[in-house]
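# Report on the structure
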Amino acid sequence: MENPLQACCGEDWYVGACNRIDAEHALHLVNKDGAFLVRDCSIDTDSEPLVLVVYHDRKVYNVKIRFIKHTHKYTLGTRQRSDDMFDSVADIIKFHSIFPIILISGRSAPGSRTPENCVLTCPVTRRDVNQLLQ
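Keep in mind that what you see is a predicted model, and the values were worked out from it rather than measured.

### Topic: the packing of aromatic side chains
- Tallied over the full model, the rule gives three aromatic pairs.
- Centre to centre, the rings of Phe-95 and Phe-99 are 4.9 Å apart; their planes meet at 35 degrees, and the pair counts as tilted.
- Overall, the relative accessible area of 28% leaves Phe-95 in the partly exposed class.
- Among the aromatic residues, those joined into a cluster by ring pairs are Phe-86, Phe-95 and Phe-99.

Shown next, in the form of structure tokens:
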């Protein structure tokens, strides 16, 4: 099985090593609902190698991309149980460019977490990030 980071290298939306603050700042500057990128997770683990960063309704959401070793599949989120499993990260992006991703802010108070729905429409590239953060 191909390494998740290697599998994403050719994709425009994969920016590689990029810290959370820079990724969030870049997406705030893009200021477009559905803008997104995929970055390396700052905590390097085999089970959560990547993070999908999405801009929606003036907020930025960081959604972990998990790799389920025993199934060799990818899924979104940390503690939530999801039936949506994918063969690749690119398949996750393609799926959510058609069907909305459910976003829940971890910064909201626990009782006030209202899910938001957003379709991935605007890939942000490494070049975009570099230009925006100059």
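### What to know about the pattern of salt bridges
- Evaluation of the coordinates by the stated rule reveals three salt bridges.
- Glu-24 is the salt-bridge partner of Arg-20, the closest N and O atoms lying 2.9 Å from each other. In this pair, Arg-20 and Glu-24 both sit in helix α2 (residues 20–30), four residues apart, roughly one turn of the helix.
- Among the salt bridges present, the one from Lys-64 reaches Glu-48, with a minimum N-O distance of 3.2 Å. With Lys-64 in strand β4 (residues 59–68) and Glu-48 in the loop between β2 (35–40) and β3 (50–56), this pair connects stretches of sequence that are 16 residues apart.
- A residue is classified by how much of its surface remains accessible, and Lys-64, at 24% relative accessible area, is partly exposed.

### Description of the pairing of β4
- The buried fraction of β4 amounts to seven of the 10 residues, a majority that puts the element mostly inside the structure.
- Bridge analysis of β3 against β4 gives seven bridges, and the strand direction is antiparallel. Its bridge partner lying in β4, Val-53 is registered against Asn-62.
- Hairpin connection between β3 and β4: a loop of two residues separates the two successive antiparallel strands, and Asp-57 in this loop has a positive phi of roughly 55 degrees.
- Alignment of β4 against strand β5 (residues 73–76), held across four bridges, turns out to be antiparallel. Opposite Ile-65, over in β5, you have Leu-76 as the bridge partner.
- Linking β4 back to β5 in an antiparallel pair, the connection comprises four residues, with His-72 at a positive phi of about 60 degrees.

What counts, and at which threshold
- Residues numbered from 1 in each chain as written.
- Predicted model: local features only at pLDDT ≥ 70, side-chain atom pairs only at ≥ 80, totals over all residues.
- Heavy atoms only, no water.
- Phe/Tyr/Trp six-rings, centres within 6.5 Å; stacked < 30°, edge-to-face > 60°.
- Buried < 20%, exposed > 50% of the residue type's maximum accessible area, 1.4 Å probe, protein only.
- Salt bridge = Lys/Arg side-chain N within 4 Å of Asp/Glu carboxyl O.
- Helix = DSSP H or I, 4+ residues; strand = E, 2+ residues; numbered from the N terminus.
- Pairing = 2+ DSSP bridges.

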